[in-house]
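# Structural overview for review
Chain by chain, the residues:
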Amino acid sequence: MKGAGPAIECEAVSRRFGERLALDRLTLSVERGEVLGLLGPNGSGKTTTLRILATLLQPHAGTARILSWDVARQPMEVRRSIGVMPERPSLYDRQTVEANVRFWAEAHQLPDAAIAVARALAFAGVADRREDLVGSLSKGLKQRVALARAIVHRPPVLLLDEPSSGLDPSAAAAMEGLIRDLAREGTAVLLNTHRLAEAERLCDRVAILREGRLLQLGTPLQVRAALLGHIVEVELAGVVDAPVRRAVESFPAVREVWWGASALRCRLLNAERDTPDLVARLVSAGARIVAVRPAGDLERAYLELMSQPLPGSLAA
Ligand SMILES: Nc1ncnc2c1ncn2[C@@H]1O[C@H](COP(=O)(O)OP(=O)(O)O)[C@@H](O)[C@H]1O
Ligand SMILES: [Mg+2]
């Protein structure tokens, strides 16, 4: 490991394909132990970003680094530091699960390949299928094998291109759990996904791309607040009474409030900063709180962003 900087860094990275600008000055970073989700419609540059970071594609401008290694100038060091699950993991269907993962352990020249393979298969939950041909597995199990292959050399950085695409809800949830476990151990994870609910649960931060441009970057809460306003909904166990009203209406951070019989919605100056104080005030006023949640979800925020004209475009 090298350098104290972020695990993954893009600084004004651009990439063209012919006349088309697939990535336009992308800047972002991912810390160790962090999961960053890249969201965006088809063709917005998500796979291009991962392929640049994986040294499979050269940036035309800007700098991309993995653990401070420059992807263009130090590709060998970068490749040793990353695990990659590509859009279409090319597994050998006519070989066993174990052989597929062992092949990669050997490619990485791991000293204890057998132990590394066994550990990766166990982690991915496919140890009991090690003798099966990959071609005979379900899509969900194949994705687990692809993950086992990506982590067999225990890389500090993981690049995952739609790891749960095509999986049924329980297989997708299992994949989500595995990714969380890896992040908890300190792995930096950059993943592409179309599943907004998954991104909201799994990702510490999300980046939303459109036509190669970064439009939003932040925690799911920050992105929701930026696009949908800082509106918070509170449900109470009893009816709203005078002390509760006063507690909310006297709070300077409250811009607007809408009352229900046993609920309220209010617009705060800053949902992330002010929600804990709002809750404290409500509790002091004797309110019994059942639920507090930001209005709208990441999916609504995403759809809102996609419905706006692209900044700087002629329609804007
Ligand atoms: N190898 C390639 N040759 C030509 N155009 C490409 C190539 N790879 C990607 N593109 C183009 O770059 C843009 C971004 O693609 P991509 O990064 O695959 O998007 P995403 O993964 O977000 O769907 C698209 O317009 C796509 O057609
Ligand atoms: Mg893609």
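Nothing here was measured: the structure is a model prediction, and the numbers come from that model.

### Brief notes about the site of ligand 1
- Taken together, F17, R20, A22, P41, N42, G43, S44, G45, K46, T47 and T48 are the residues near ligand 1.
- Within the backbone of G43, one N or O atom sits 2.7 Å away from an oxygen atom of ligand 1.
- Listing elements by their share of the shell around ligand 1, those giving two or more residues are strand 2 (20-30) and helix 1 (46-53).
- When residues in the shell around ligand 1 are grouped by element, the largest group, 3 residues, is from helix 1.
- For the shell around ligand 1, the class distribution of residues is 3 nonpolar, 6 polar and 2 charged.

### Thoughts on the UniProt feature "domain: ABC transporter" (unreviewed entry) in the protein
- Listed under "domain: ABC transporter" (unreviewed entry) in the UniProt record, and renumbered for this structure, are residues 8-236.
- Regarding residues 8-236, the helix share stands at 36% and the strand share at 29%, and the terminal C-alpha atoms are separated by 43 Å.

### Describing the packing of helix 4 (residues 113-123) against helix 5 (residues 139-151)
- It is the contact of helix 4 with helix 5, at a shortest axis distance of 9 Å, that shows an interaxial angle of 140 degrees. In terms of their interaxial angle, helix 4 and helix 5 are classed as oblique. Classified by chirality, the crossing of helix 5 by helix 4 is right-handed. Residues A120, L121 and F123 of helix 4 form the contact with helix 5, whose participating residues are L147, A148 and I151.
- Residues of the contact of helix 4 with helix 5, tallied by class, amount to 6 nonpolar, no polar and no charged.

### Some remarks on the coordination of the magnesium ion (ligand 2)
- Only T47 (OG1) and E87 (OE) from the protein reach the magnesium ion (ligand 2) as donors, at distances of 2.1 to 2.8 Å. Here the residue T47 occupies a position in helix 1, and E87 occupies one in the loop between strand 6 (82-85) and helix 3 (97-107), the gap between them amounting to 40 residues.

### A look at the side chain of E176
- One can find E176 in helix 6 (residues 169-184).
- A relative accessible area of 12% means that E176 is categorised as buried.
- Non-local contacts of E176, meaning those with residues more than four positions away in its chain, are made with E198, R201 and L202.

### Quick look at the pairing of strand 11 (residues 231-236)
- Summarising the sheet, strand 11 and strand 13 (residues 263-268) pair through 5 bridges and their orientation is antiparallel. The residue bridging I231 from the neighbouring strand is R267, located in strand 13.
- Summarising the sheet, strand 11 and strand 14 (residues 289-294) pair through 5 bridges and their orientation is antiparallel. Along strand 14, the bridge assignment pairs E233 with R293.

Cut-offs used in this document
Residues numbered from 1 in each chain as written. Chains lettered and ligands numbered in written order. Predicted model: local features only at pLDDT ≥ 70, side-chain atom pairs only at ≥ 80, totals over all residues. Heavy atoms only, no water. Near = heavy atom within 4 Å. Polar contact = N/O pair within 3.5 Å; in protein donor to acceptor, adjacent residues only side chain to side chain. Helix = DSSP H or I, 4+ residues; strand = E, 2+ residues; numbered from the N terminus. Nonpolar A, V, L, I, M, F, W, Y, C, P; charged D, E, K, R; others polar. UniProt positions renumbered as here; feature names shortened; annotations may be inferred. Axes fitted to C-alpha atoms, helices over the stretch in contact; angles between N-to-C directions. Parallel < 35°, antiparallel > 145°, perpendicular 65-115°, else oblique. Left-handed = near helix turned anticlockwise from the far one by under 90°. Contact = heavy atoms within 4.5 Å. Donors = N, O, S within 2.8 Å, 3.2 Å for Na, K, Ca; no water. Buried < 20%, exposed > 50% of the residue type's maximum accessible area, 1.4 Å probe, protein only. Pairing = 2+ DSSP bridges.

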